[in-house]
Every structure is written in C-alpha cells, then in structure tokens.
Amino acid sequence: MFWLIPLLPGASAFILAVFGKWLPKKYVSWQACLSVFASFGISLVSFFGLLKVPPGSLPVIKTLFHWIQSGSFNADLSLQLDPLSSIMTLVVTGVGLLIHVYSVGYMAHDKGYQRYFTYLNLFTFAMLILVMGANLVLMFVGWEGVGLCSYLLIGFWFEKHSAANAGKKAFIVNRIGDAAFILGIFFIFLIVGSGDFRAITGAIEGGAITQGMATLIALLLFAGATGKSAQIPLYVWLPDAMEGPTPVSALIHAATMVTAGVYMVSRMNLLFTLSGVAGQVVGIVGALTAIFAATMALTQNDIKRVLAYSTISQIGYMFIGCGVGAYAAGMFHLFTHAFFKSLLFLAAGSVMHALSGELDMRKMGGLRKYLPLTYPTFLIGAIAIAGVPFLSGFFSKDAILTHAFAQGQYFIWALGLMGAVLTAFYMFRLVFLTFFGPERIESHAKEHLHESPRVMTVPLVILAFFSIIAGYVGLPVVLGEKANLFSRFLDPVIHPGPEVHLGISTEWLLILVSVAVALCGIYIAYVFYLKSPRTPHRIVARFPALYKLLYNKYYVDEVYNAAFVKPLVNGSQVVYDNFDLKVIDGTIDGTAAATSFAGKVLGLFQSGLVKDYTLVLLLGVVIFLGYLLF
Amino acid sequence: MGIFLFFLLAILCVGGVLGMILSKNQAHNALFLVFAFACLGGLFGLLDAPFIAAVQIIIYAGAIMVLFIFVIMMVNLEQGISPEKKKWTLGLSAVLAVFLLVELGLAVRGMLGSLGRTGGPSIGSPTELGRLLFTDYLYPFEITSVLIIAALVGAIVLVKKKEKE
Amino acid sequence: MIPVGYFFSLSIVLFVLGIIGFFVKRDLITMFMAVEVMLNAANLAFIALAKAAGSPAGQVIVFFVITVAAAEAAVGLAIILLVFRQKKSIKAEDMRLMKG
C-alpha cells in the first residue's frame, strides 16, 4: 500500500501536465492538494503500521518491477519503508500539503497556475522517490528529479531575466555536485556490485569496503550533498533561488529538497562512520557553513535572502549532527527545521502578499497591527529557530551541539554556538525591522495593505502549531533514557557509533549555555533595532570594510565568477570562434559543397536519353566480355 | 538440300532485319520484322524444333506483330522518322557493336566445330516438350501464367483512360 | 546435315544487328522491335545449343522467353501509347524527364 505514496502526486502531475491547459483552476487546486493529502494519509497509516513491525524485518520493501538488467548491473524499481524514509515521507507530504494549500491562495492570480501545480506535484513525486527508493540508482533518479523541479520552479517566472538566470545557476551548480555523487555511486557498484541499500549495509558490515575506499566514496557522496544541500563551497545557488515563488522557496529551498543531502548522509551513515575522516569533513564543512552563512545573513535587507542564508546555516547544523555521528540529531533538526523554516517562508510570503510584492525590509516596519495572524506565526517561527527553550528548534539544535561537545569536537561546538548567537540576532533583526518600529511602507503599497486570505493563513497556523510541539518527540537525554522517542524510532536505521555519555550536570550546563546564547542574540537585536536604532549605523561606520565584506557576501559570487565562469565563457568563446565556426561549420559546409559539386558533375552523365544509358550498358558489356576473354 | 535451305533462310532473315533498320516507315518496319521472324521460324524447324517453330510464327508473326501494327496505326502522326542524327552516339554505338561482334566471335570460335550437325535423334517433339513443361518446369510454367495475368492487367490499367478526365 | 555452329554464328549476327537497330532508329516502336530481334537471336542460340546437347530443355526455355516477350510487348506498347498521349511524340529524344 505504501508504494502509492509517491505514485499519487506523480499521477496528478501527469494529468496536469497533459490536460492542465483545459482544466479550470478550481479543479486543478483540488486535484493537486487532494493527491498530496492522500499521500499524507497513506504516509501516516504506514508510519503507524511501521511501529508494529519488529525491527528485525526492516525495511519493508515493495519491488514494483525489474528496472535495469544489464549484465551484472541490476536495479529494481523498488520502494522501501523504514523509520528514516517514513519520517521523510511524513515531512514531505505533510509540509508539502500545507504548502500546496497555501499556494492556492498565493498563486491565485498567476497565469501559470496549472503549470505551477504540475511542477509542485512533480516535485513531490520526485522527492518521495528520493526518500523511498530502495537503491542508490532510484534515489539518484529522485535526486535529479527534484533538481529538475527546483530549476523549473526557480525559473517559474522565466520572463524575468534574473529568474531565468537563477534557475540556470542552480542547475549548473547542482550539476557539479551531482557529478561527484554519481561517481560515488559508480564506486559503490564497483565494490559492492549493487546499489541496493541492504546490500551496501551487508558489504560494510562484512568488511568488503576498506577504510580508504569508504572515505573516497563518502567524500564523493558528500560532494553531491554539498550541491543539493547548499553547503560550502556549492551554496551559491540557494540565495539566488529566492527568485522563485515564495511557497516554492518554502517547500523546496527550505523544508525538503535542500535537506536531501542530510537524508542521504544519514542513509549512508555506516559508510561515514566507517571512514571516520569523511565524518570529520562533514562536521567541519557543516560548522563552517553554519557560521559563514549566518554572518552573511546579518547584513541582507531582502527578507527572503535572510531566510535563504538562514536555511544554509541551519542545514550546516544538520551536517554537524551527521559529522559528529549524531545522525538522529541531524535528522531531528531536519524534521523540526522543516516546520519552522517553511513557516517563516510562508509568513514572509504573506508579508510580501500584503505589501504587493515588497521584499526590502527597509520599506517595512510596524506591520504587526496590520497582519494579526502573520505576525504571531512569524514570531513563533523566529523564536523556534533562535533556539529559545520549549519550542522545537531549541531541542534539535541543542541535541546537535550536545553531541558535538560529547564527542570532543569542541571546535565544531564553538562554531555552532557562535552560529546560534548570530541566528538569534539576525532572525530578530528580521522580526523587529518587519513588524516593529516606525512604518516605512511606501504609500502605494499601503493602500492595499491587508491580511492574507484564509487559505494562506490556516497553513501558517498549523505550521506554527507544529513548530512549537514538534520538538517534544526528541527530548534531551537528561530527562530520561527513553525521553528521546525520535532517536529510538530511528535506531534500526542509524547504526549508533561510540556512545559517549556526559555527566548530568555538564549536560544541564550545556543547555543553559545554549539558552543564554539565544537570549543574548535576541537582546542584541533588540538593542540594535528597537531600543537605539542608531547603533547599527555607528558600528558600520566603525568597521566599514567588514560591513562591506559581509554585505557583498564575502565576494564569493564575484570570485566564482572570475575563477570559473569567466574563464569558461571566454574559453567557450574561443572554441566557438575557432573550432565551431571554422572546423565544424567548415566540415559541414564543405560536405554540402562537395556533395553538390559531385551531383553537378555526375548530373552531366544523366542526359535523360534512353540511348545514352543503353550505350553505357553496352560499353559495360563489351568491357566485361573483354575482361572474361583476355 | 538442308544447307541450301539454311543459307536461304539466314540471308532472308538478316535481310529482313536490315530492311527494318533501313526503312523509315514504321508499318514497313513491322512487316520486315514479321518476315524475318517467319524465316527464323523456318530455322527453328531445321533445328529439330517443330513445336517452337509453330509457336514462333503464331505468337510473334501473328499476335505480337499485330499488336505492334495496332499501336503504329494509333500513333502514326508523322511519316518517316529519320535515323539517329547525333554523330557521336551513332559512331560510338557502331564501334561498340563491332567490338561486341568480334568478342562474341572470339568467344565461340573454338567451340563452333564441336557442336555437331543437325539430324540424328529427334528431340523437340510436342509430346516431349509438354511432358517437360508439366513435370520439370511446372513451377516456371505456373509463374509465367501469373506474369501474363499481371502484364494483361497492367497494360489495361496503363492505357485505360480515366473516366473523369 | 547442317553444322549447328552455323546457326550459332547466325544468332550472333542477329544480336549485333539488333543492337545496331536500337541505336540507329529514333522512334520508340522500332527501337522496341530491335529489342525483339535481340531476344530472338538469343532464342536461336538456345535452340541451336539444345540440338547440340541433344536435350529439349533449351526449347522449353525458348518457350518461356516467347511468353515473357509477349507479356513485355503488351506492357511496353501500353507505355509507349501512354507516353504518346502525354507528349504527342514517340521520338526517344523527346523523353528526357530524368535529365540530371
């Protein structure tokens, strides 16, 4: 039954793609939402069914048919359900459903309505294939499928030059990671002889993979993950991806697709644990990304870009979790992040909707009295992500930092903690600039200022609810050995590494430090942007170079441009001028000219007169006979 | 007697063909050809092939040439079409024809004497031919009948005027 | 008693005469007749060789050749008639649609 989960949105996408043009908007909305709703229902049923399955018989696998059989290369079209993919299906279909519903309101007046829902359904299908595929090949299909949908949706308003470019950028940057990813898959096929996850697990447990090989493969796979999950050095596409419609940013570029890398690393956790070095690399890249992206978020004025950098930073936290061997904690952060980040994006979309598409925070302010539902939900999201106790983000981020500390990774822990301060700061900078303080709204936008329709606010409320409670499935270990339901649920898939226990007092201390850090960040934001709004200007005046560096995002885009894009473009131009125009075109033109010339010459023999032809025939007979005789 | 008859028929036959080549009138051409083919039938008779001789005269001199005459009468617009005027076609074909004649002569030169003479046991009785046609050559015979049907239908379809035109 | 070789030589002469006729004449019908001459030259060779080999098989072949020639004449003349309806001419040089 669970194999229907991806197929329903897939079928819906197919129908919309083929017949969408002739279907009324109302029908399109219902079909798109209901297909995801049905998927969500089945996911829930499968989840509860999975709780009853004894751990020994996991994962549940449904093979639909043999897909590729070519010599020793075999791949089935088979879907699997185990705790890891079950959680992912719940997140994808649950958050996806809310975003589908929200989109009905947000995209109501767009002329590409049917196309939008086709892509959105297609994305859901591909993402579910990614998380449910029982072998690496099928997973890669989903991996590429979500990449394609991401490209299509970033460039959804392709008439806009910047949107089309952003789509291309995302696609090309992802390609780099994907090339590494597929290389990793090839290596696995080379050694294991199969892409099946069970076979890979068996091979690792049987000692078929050496540590060096494991490192190579794990690093290649992680390179793929840095592309898809926007980590250093391939994160550059995600901020630009905000050109797409806001619900897309929420679904694809915050909640689901970009976390595919975390899912993949968790899925291959045995490999990373075996390698050791690769795990360390994952942790360090994650920590660096977390702090690097957080600093870039400090100075951005575009509301969606702040959220984009925040997403990069938060995914960095998830990779910290994976890197220090706390895969369950990483997945847990993925789980809670999906709720509060999509909430923040959707609320930001609601703000944009209210302000007729305004994105610049400097032109907002004081919005809390105009947006009575958007404001509190956004605030809940901000509190959750900042790591204030009793909301979901606190539990998951704390779990990651605690594990990092427990594993003795103090450097990573310190970076994470700094990132936490910055997170709290820039999120509340966002809140204060948008909803508090003096109104800086432009007059034409103010005329249409209104709260969003119910179809958009209801998903916000639901997401806010989950942003609060989602953390309670993974309580810290200090509250009891069995408090962390989430981690115990994942145990059959996540093969626990060396367990290091901290003393109870140390753990409480760490929690207190986290809380202090979060509150500290919020307080600084309060001082900077509400209490004495001139402080930021003074700091900018004091450190102009630093501000400029941050404001321009460390010039990474410019460096990449100069280092990779420009040489490539120039080199291509040279090749185009010399090779394409001269050699290839010359060959083709030459062939055509030679053929035409030969035709003209041979045409001279074609007089059209039957006697001439017969004469040649006679000549042939005479020559042939002469040859036979002499 | 036999050798005299052969030379008479051979000269008449070649003469008929030459007449066909030299005459400008198409109807005369056809009549020259009938004459040549009739002489050829006589030669077949000398070669102990009485049945084929009869068939030659009935089908060629009778049926096929009548067909030719019909067509000539239907298309006879201009009297006398002069021979080929393109010098090099004519010249080249003549040279090639002579070459071919020489080559063929060289090819059969050594074996002409070994072919024997006419007379001896009879081989071409209609009984014997009929037996062969319906035993050893049954399939070619049947296939030929299909060919004739096809030619018949084809000729009718080609020449028939379309009703609507 | 005539040497069979005489007949064979005659068939060669007739064949070459057919070729010459084909090239000398300009109207399609007479050219067609020249082709018939060549066919009959071949027939004569067959019958002469049948006599030399003492087997009637060669005569059976000639029987088939005559049948096929009849079919060929029917279709060929039909085509000539059709060409004449189109072009109002039966000169070979007037048909050169296939000119390259």
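Quick note: structure is the one above.
A short tour of the structure in this document, coming up. As the structure is a computational prediction, the values presented were derived from the model and not from experiment.

The rules behind these values
- Residues numbered from 1 in each chain as written.
- Chains lettered and ligands numbered in written order.
- Predicted model: local features only at pLDDT ≥ 70, side-chain atom pairs only at ≥ 80, totals over all residues.
- Heavy atoms only, no water.
- Contact = heavy atoms within 4.5 Å.
- Buried area = accessible area lost by both parts, 1.4 Å probe.
- Polar contact = N/O pair within 3.5 Å; in protein donor to acceptor, adjacent residues only side chain to side chain.
- Helix = DSSP H or I, 4+ residues; strand = E, 2+ residues; numbered from the N terminus.
- Salt bridge = Lys/Arg side-chain N within 4 Å of Asp/Glu carboxyl O.
- Pairing = 2+ DSSP bridges.
- Core = buried A, V, L, I, M, F, W, Y, C linked by side-chain atoms within 4.5 Å.
- Buried < 20%, exposed > 50% of the residue type's maximum accessible area, 1.4 Å probe, protein only.
- Expected span 1.5 Å × (residues − 1).
- Arc of directions from axis to C-beta.
- 1 Å grid on protein atoms, 1.4 Å probe; cavity = no way out; pocket = protein on both sides within 12 Å on 5 of 7 lines; lining within 4 Å.
- Points joined across faces, edges and corners; volume = space filled by probe spheres on them.
- Patch = residues over 30% accessible without salt bridge, like charges linked within 9 Å, V, L, I, M, F, W, Y side chains within 5 Å.
- Areas by Shrake-Rupley, 256 points an atom, 1.4 Å probe, with all protein chains shown as cover.

### Describing the interface of chain C and chain B
Residue-level contacts link 69 residues of chain C with 80 residues of chain B. For the pairing of chain C and chain B, the buried interface totals around 7,000 Å² over both sides, and the portion due to carbon and sulfur atoms is 81%. Applying the counting rule to chain C against chain B returns 13 residue pairs in polar contact (both at pLDDT 80 or more). Counting residues per element, the ones that place at least two in the side of chain C that touches chain B are α1 (4–24), α2 (28–53) and α3 (57–87) of chain C. Looking at the side of chain C that touches chain B element by element, the count peaks at 22 residues for α3 of chain C.

### Points about the interface of chain A and chain B
Taken together, the contact between chain A and chain B spans 12 residues of the former and 13 residues of the latter. Considering only the surface of chain A that becomes buried against chain B, Leu 615, Val 622 and Leu 629 of chain A emerge as the three largest contributors, covering 44% of it. In this structure, the connection of chain A to chain B is made through zero salt bridges. Our enumeration of links across chain A and chain B arrives at one residue pair in polar contact (both at pLDDT 80 or more).

### Description of the pairing of strand β1 (residues 60–70) of chain A
All names here are of chain A. With nine bridges joining them, β1 and strand β2 (residues 73–81) adopt antiparallel strand pairing. Across the sheet, residue Ser 70 finds its bridge partner in β2, namely Phe 73. Connecting β1 to the antiparallel partner β2 that follows it, the hairpin turn spans two residues, and Gly 71 within it adopts a positive phi of roughly 60°.

### Observations regarding the pattern of salt bridges
A full pass over the atoms with the stated rule returns 14 salt bridges over all chains. Note that Asp 178 of chain A is salt-bridged to Arg 175 of chain A, the shortest N-O span being 3.1 Å. Remark: Arg 175 of chain A and Asp 178 of chain A occur in helix α6 (residues 161–192); sequence separation between them is three residues, near one turn of the helix. One salt bridge in this structure joins Arg 26 of chain C and Glu 93 of chain C, with 2.8 Å as the shortest N-O distance. Taken together, the residues Arg 26 of chain C in the loop between α1 and α2 and Glu 93 of chain C in the segment after α3 connect sequence positions 67 residues apart. If you follow the salt bridges from partner to partner, you end up with Lys 169, Asp 240, Arg 305 and Asp 557 of chain A in one network.

### Remarks on the nonpolar core
Soluble globular proteins tend to bury their nonpolar side chains together. With 198 residues, the main nonpolar core has Trp 237 and Met 268 of chain A as its most contacted residues. Of all the elements, helix α15 (residues 327–354) of chain A adds the most residues to this core, at 19 residues. Beyond its immediate stretch of four places on either side in the chain, Trp 237 of chain A contacts Ser 150, Ile 154, Lys 169, Ala 170, Val 173, Asn 174, Gly 227, Lys 228, Ala 230, His 253, Met 257 and Val 258 of chain A. Residues Met 20 and Val 71 of chain B together with Phe 8 and Leu 10 of chain C belong to the second largest nonpolar core, which totals 81 residues.

### Examining helix α6 (residues 138–159) of chain B
Taking 1.5 Å per residue as the helical rise, α6 of chain B with its 22 residues ought to reach 32 Å, and the 32 Å between its terminal C-alpha atoms agrees with that figure. Considered for burial, the residues of α6 of chain B that qualify are Thr 144, Ala 151 and Ala 155 of chain B. For α6 of chain B, the arc enclosing every buried residue in end-on projection is 25°, short of the 170-degree limit, so these residues lie on one face. Of the exposed residues in α6 of chain B, the ones pointing more than 90 degrees away from its buried face are Tyr 139, Ile 143, Val 146, Ile 149, Ile 156 and Val 157 of chain B. Looking at the packing, one finds that the buried side of α6 of chain B touches α3 of chain C.

### Some thoughts on the side chain of Arg 267 of chain A
Within the fold, Arg 267 of chain A resides in helix α11 (residues 260–267). Excluding its chain neighbours within four sequence positions, the residues that come into contact with Arg 267 of chain A are Gln 80, Asp 82, Leu 84, Ser 85, Val 131, Phe 197 and Val 493 of chain A.

### Thoughts on unusual backbone geometry
Residues and elements named next belong to chain A. In the segment running from Ile 232 into Pro 233, the intervening peptide bond is cis, with an omega of 5°. Its identity as a non-glycine residue notwithstanding, Tyr 554 has a phi of 60°, on the positive side. Within the secondary structure layout, Tyr 554 lies in the loop between α24 (544–551) and α25 (556–603). Positive phi, close to 60°, is recorded for Tyr 555, a residue that is not glycine. Along the chain, the position of Tyr 555 falls in the loop between α24 and α25. On the basis of relative accessibility, which here comes to 31%, the residue Tyr 555 falls in the partly exposed class.

### Things to note about empty space enclosed by the protein
Residues and elements named next belong to chain A. Following the criterion strictly, the structure yields four cavities of 30 Å³ or more and no others. Looking at the largest cavity, its volume works out to about 70 Å³. In this structure, the largest cavity is lined by Ala 386, Gly 387, Gly 393, Phe 394, Lys 397, Asp 398, Leu 401, Leu 417, Ala 420, Ser 514, Val 517 and Ala 518. At the level of secondary structure, the elements contributing two or more residues to the lining of the largest cavity comprise α17 (392–406), α18 (410–435) and α22 (504–531). Per-element accounting of the lining of the largest cavity gives the leading share, five residues, to α17.

### Topic: a nonpolar patch on the surface
The grouping of Phe 390, Val 458, Ile 462, Phe 465, Phe 466, Ile 468, Ile 469 and Tyr 472 of chain A at the surface amounts to a nonpolar patch, some 690 Å² of accessible area in total. Inspection of the secondary structure assignment puts Ile 468 of chain A in helix α20 (residues 454–469).

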